[in-house]
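Structure assessment
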2 protein chains.
Amino acid sequence: MRAAEVLARCATLDRFTSLPRGLERVHLSKEHASANAQAGRWMEQAGLRTWQDAAGNQWGRREGREPGLPALVLGSHLDTVTDAGSFDGMLGVVMAIAVAERLGARVGRLPFALEVVGFSDEEGTRFGKALLGSQAVAGTWDDDWFELRDKDATTLRQAFEEFGLDPRRVGDAARSPASMVGYLEAHIEQGPYLEEADASLGYVTLIAGARRFRLSVLGEARHAGGTPYERRRDALVGASEAIVLVEEMAKERGCIATVGRIAVTPGGINVIPGRADLSLDLRAPTDEDRDAMWVDLLARIRELCRRRGLRLDVVESHHAPAVHCAPWLQDAVVAGIATTGDTAPMGLWSRAGHDAMAIGAVADVGMLFVRCGDGVSHHADESVREVDVEAGLDAFEATVLQVAAVVEARG
Amino acid sequence: MRAAEVLARCATLDRFTSLPRGLERVHLSKEHASANAQAGRWMEQAGLRTWQDAAGNQWGRREGREPGLPALVLGSHLDTVTDAGSFDGMLGVVMAIAVAERLGARVGRLPFALEVVGFSDEEGTRFGKALLGSQAVAGTWDDDWFELRDKDATTLRQAFEEFGLDPRRVGDAARSPASMVGYLEAHIEQGPYLEEADASLGYVTLIAGARRFRLSVLGEARHAGGTPYERRRDALVGASEAIVLVEEMAKERGCIATVGRIAVTPGGINVIPGRADLSLDLRAPTDEDRDAMWVDLLARIRELCRRRGLRLDVVESHHAPAVHCAPWLQDAVVAGIATTGDTAPMGLWSRAGHDAMAIGAVADVGMLFVRCGDGVSHHADESVREVDVEAGLDAFEATVLQVAAVVEARG
């Protein structure tokens, strides 16, 4: 299978969307079911046996040279953000299926089974918590998450049931370390560095761990006209100062911090906001840099709230440690890329989170990055070049064979 | 009728709410219809003939010493903001009805008819445009407003029809200058100045005119992790800088400016906001101060957007000139307050808008302010003291008789 077909399949998946225009496919939605079914059909065409696991992840497997061997798992996710592009996640799943198809009967001679997975939730769009699919597989699931609610107040538990899954069985999705040789994920870079280096492909050294917080700034709603400044406790002005500070501090420290959501109540044109709720996503090259920034940032936001007579409530909604790609899988990806002619490929740390982070708890992981247009991601304008996908397929297939050689050599 | 009954009636109106807890009663809602019906019953008990006009305002009238005389109109509004208090608007309507009831048959000896009105929309909560009820009465209605939409995308035209009103007949609600002697409105102060001066009542000298804008800051949605700062065009950070600037500039210049609404898209935790929409409400003691601030503020917001690679779209949604209360009606209110023992009452400019602003286009207007607790308004904690309402009823009734004396003296 060639790149043109891979891109056509990504376009096919775009049809499973909840938006009249644009792409949004969230965890446990009917679009999710349709995407799983479509991916499952492609897996079967590639000669894989398929199943959907107890957490809504779509799997396919072909046995290696004997039945029941540990598996090398290739995959990524099938869910999206709102107004998403066509490649974040999906490209990796479709490339994994393509590699399985290209290897075909050769898989039967490999020293491991080959599995492909399309994870059910990586973005956390629906329930505000990321990596739900891959964490179930990693066995790091927390049953408290079943009480999370989407914007319509549906709990994750209800969503499981409506999707036909039994929440009590979610543990069945967990995989043992012994069942996996490793996990490899192809993904668009979602940043500009490969493009700046004029390279099609890169390998990932580590995936930075994000911490996410919900900040609630609490003031007092009052009449916008009648309340003089000395009596105002305007939650939105306080929140705005905090947002400007977040950017300023992250730039100073080489971190990346984003406020992607904000909501104010009561939200009247002529009413001082009494409350502002915002999200914060914080990343850095090391967990230490990130945590040090958070300590200082929180102190300064508390200080500005105190000065303005505002209260601050903080809830940490996500906390992921940085995950290092296994050196031997980094080497395998480098070797895979080398077969395409780039013998000294670029190594990058991933600022974005990936399913590989969660799977890192239960298996060695490696990642292949594919150049994307202008670093754009999480946007309908996400793009990849056919030539880069072509190179990516060759490299990803060669990486699998390189892993096989290493496993073989281990004996 | 005494203050206790007035307060009980305000509590009765609280029942007509669209919220399970708290008060919200918006234009042309079923709660609006219920509040009109209740106010109409009270008007009839006070001896008034009642009708609902072509813009959804609730009226009552008792003839003066001969039928068909021009009317002295007493009133305020029956709609509310979200999570409103019980008094903003409603206190003025209920006090007007109480004064009509207290005067009773004496109205038949006055040199004018007495009318009471409960305006249908002053806050603009539903359609984002304030004073829809009183502007219909003032004859300053603009048919373009029929295309305004509420948050469910219902147009004002559809809302008229669903309420049983014919949009083509809205002009029938307009009153001629010749049909009115003047308009008097009692209202809670919505500010802290009477309380600070230890006074129950005050008279209004002028009502500052607000200008309102919708600002859209347009950047680019991208992945929160993968996009380095030099490539970010984060609409929310730009909007936040603007919000901080709004406060800073308004304080410097003695203006009052409020951003009460903000919404960002796409609104993902891990997506840089591509767009931020905000409201701006701007007021000042004079129209000149206000307009000068807007010119400078807009220039500085444009400059910060340019610096950040953001676009700015601005729509003016409301523009009201300051309205001066008629000196002879100011004098009548002062005389009315004097009967309660405060012979040198406090004069205030109203930072808040009122129906009197719209009616000022077609009649002389005067306003009586009643002290409220801690200056709180547009909040469930809005409060008035019974003793102040008692004084307010006496003063308002005496004001009507003072107006009668002046009209009589004019001959």
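Remember, predicted model here, so these are calculated numbers, not experimental data.

**So, the packing of aromatic side chains**
Under the criterion given, the structure shown has 16 aromatic pairs over all chains. Measuring from ring centre to ring centre gives 6.5 Å for Trp59 of chain B and Phe119 of chain B, while their planes differ by 80°; the resulting arrangement is edge-to-face. One end of the pair, Trp59 of chain B, is in strand β2 (residues 58-62); the other, Phe119 of chain B, is in strand β4 (residues 113-119), with 60 residues separating them in the sequence. In this structure, Trp59 of chain B and Phe119 of chain B share a single accessibility class: buried. Three or more aromatic residues link up through ring pairs in this structure, and these residues are Trp51, Trp59, Phe119 and Tyr183 of chain A. Lying across the ring of Tyr229 of chain B, Arg232 of chain B places its NZ or CZ 4.8 Å from the centre.

**Brief notes about the side chain of Gln58 of chain A**
All names here are of chain A. Here Gln58 is to be found in strand β2 (residues 58-62). Assessed through its relative accessible area of 6%, Gln58 is described here as buried. At a separation of 3.5 Å, a polar atom in the side chain of Gln58 contacts the main-chain carbonyl oxygen of Trp51.

**Concerning the packing of helix α1 (residues 3-13) of chain B against helix α2 (residues 30-45) of chain B**
Residues and elements named next belong to chain B. Packing of α1 against α2 leaves a shortest axis separation of 10 Å and a crossing angle of 155°. Classified by the angle their axes make, α1 and α2 are roughly antiparallel. Contacts between α1 and α2 involve Arg9, Thr12 and Leu13 from the first element and Ala35, Gln38, Trp42 and Gln45 from the second. In the contact of α1 with α2, the residues fall into 3 nonpolar, 3 polar and 1 charged.

**What to know about the relation of the copies chain A and chain B**
Copies of the same chain, two in number, are related to each other by a rotation about an axis and a translation along it. Of the transformation placing chain A onto chain B, the axial shift is 0.0 Å and the rotation is 180°, giving an RMSD of 0.0 Å. Here the copies are linked by what is in effect a two-fold axis. Nearest to the rotation axis, the C-alpha of Ser240 of chain A is located 2.2 Å from it, this being the minimum over chain A. Take the interface residues of chain A: 98% of them recur as interface residues in chain B, which is what a same-surface contact looks like.

**Here's the deal with the pairing of strand β14 (residues 365-370) of chain B**
Residue and element names in this part refer to chain B. Counting buried positions along β14 gives 6 out of 6 residues, so the element sits mostly inside the fold. Pairing analysis gives 6 bridges linking strand β5 (residues 180-188) to β14, with the strands arranged parallel. Across the sheet, residue His187 finds its bridge partner in β14, namely Phe369.

**Section: unusual backbone geometry**
Cis geometry is adopted by the peptide bond preceding Pro266 of chain A, which originates at Thr265 of chain A and carries an omega value of 0°. In this structure, Leu28 of chain B takes a positive phi of about 65° despite not being glycine. Position of Leu28 of chain B relative to the elements: it lies in the loop between α1 and α2.

**What to know about the domain arrangement of chain A**
Residue and element names in this part refer to chain A. Domain annotation of chain A identifies domain 1 (3-208 + 322-410) and domain 2 (209-320). The straight-line distance from the C-alpha centre of domain 1 to that of domain 2 is 34 Å. Contacts between the two partners involve 14 residues from domain 1, matched on the other side by 12 residues from domain 2. Across the interface of domain 1 and domain 2, roughly 940 Å² is buried in total on both sides, 48% from carbon and sulfur atoms. The tally of links from domain 1 across to domain 2 stands at 0 salt bridges. Scanning the region where domain 1 abuts domain 2 turns up 4 residue pairs in polar contact (both at pLDDT 80 or more).

Quick notes on the rules
- Residues numbered from 1 in each chain as written.
- Chains lettered and ligands numbered in written order.
- Predicted model: local features only at pLDDT ≥ 70, side-chain atom pairs only at ≥ 80, totals over all residues.
- Heavy atoms only, no water.
- Phe/Tyr/Trp six-rings, centres within 6.5 Å; stacked < 30°, edge-to-face > 60°.
- Helix = DSSP H or I, 4+ residues; strand = E, 2+ residues; numbered from the N terminus.
- Buried < 20%, exposed > 50% of the residue type's maximum accessible area, 1.4 Å probe, protein only.
- Lys NZ or Arg CZ within 6 Å of the ring centre and 35° of its normal.
- Polar contact = N/O pair within 3.5 Å; in protein donor to acceptor, adjacent residues only side chain to side chain.
- Axes fitted to C-alpha atoms, helices over the stretch in contact; angles between N-to-C directions.
- Parallel < 35°, antiparallel > 145°, perpendicular 65-115°, else oblique.
- Contact = heavy atoms within 4.5 Å.
- Nonpolar A, V, L, I, M, F, W, Y, C, P; charged D, E, K, R; others polar.
- Least-squares fit on C-alpha atoms with pLDDT ≥ 70 in both.
- Pairing = 2+ DSSP bridges.
- Domains from an automatic or database assignment.
- Buried area = accessible area lost by both parts, 1.4 Å probe.
- Salt bridge = Lys/Arg side-chain N within 4 Å of Asp/Glu carboxyl O.

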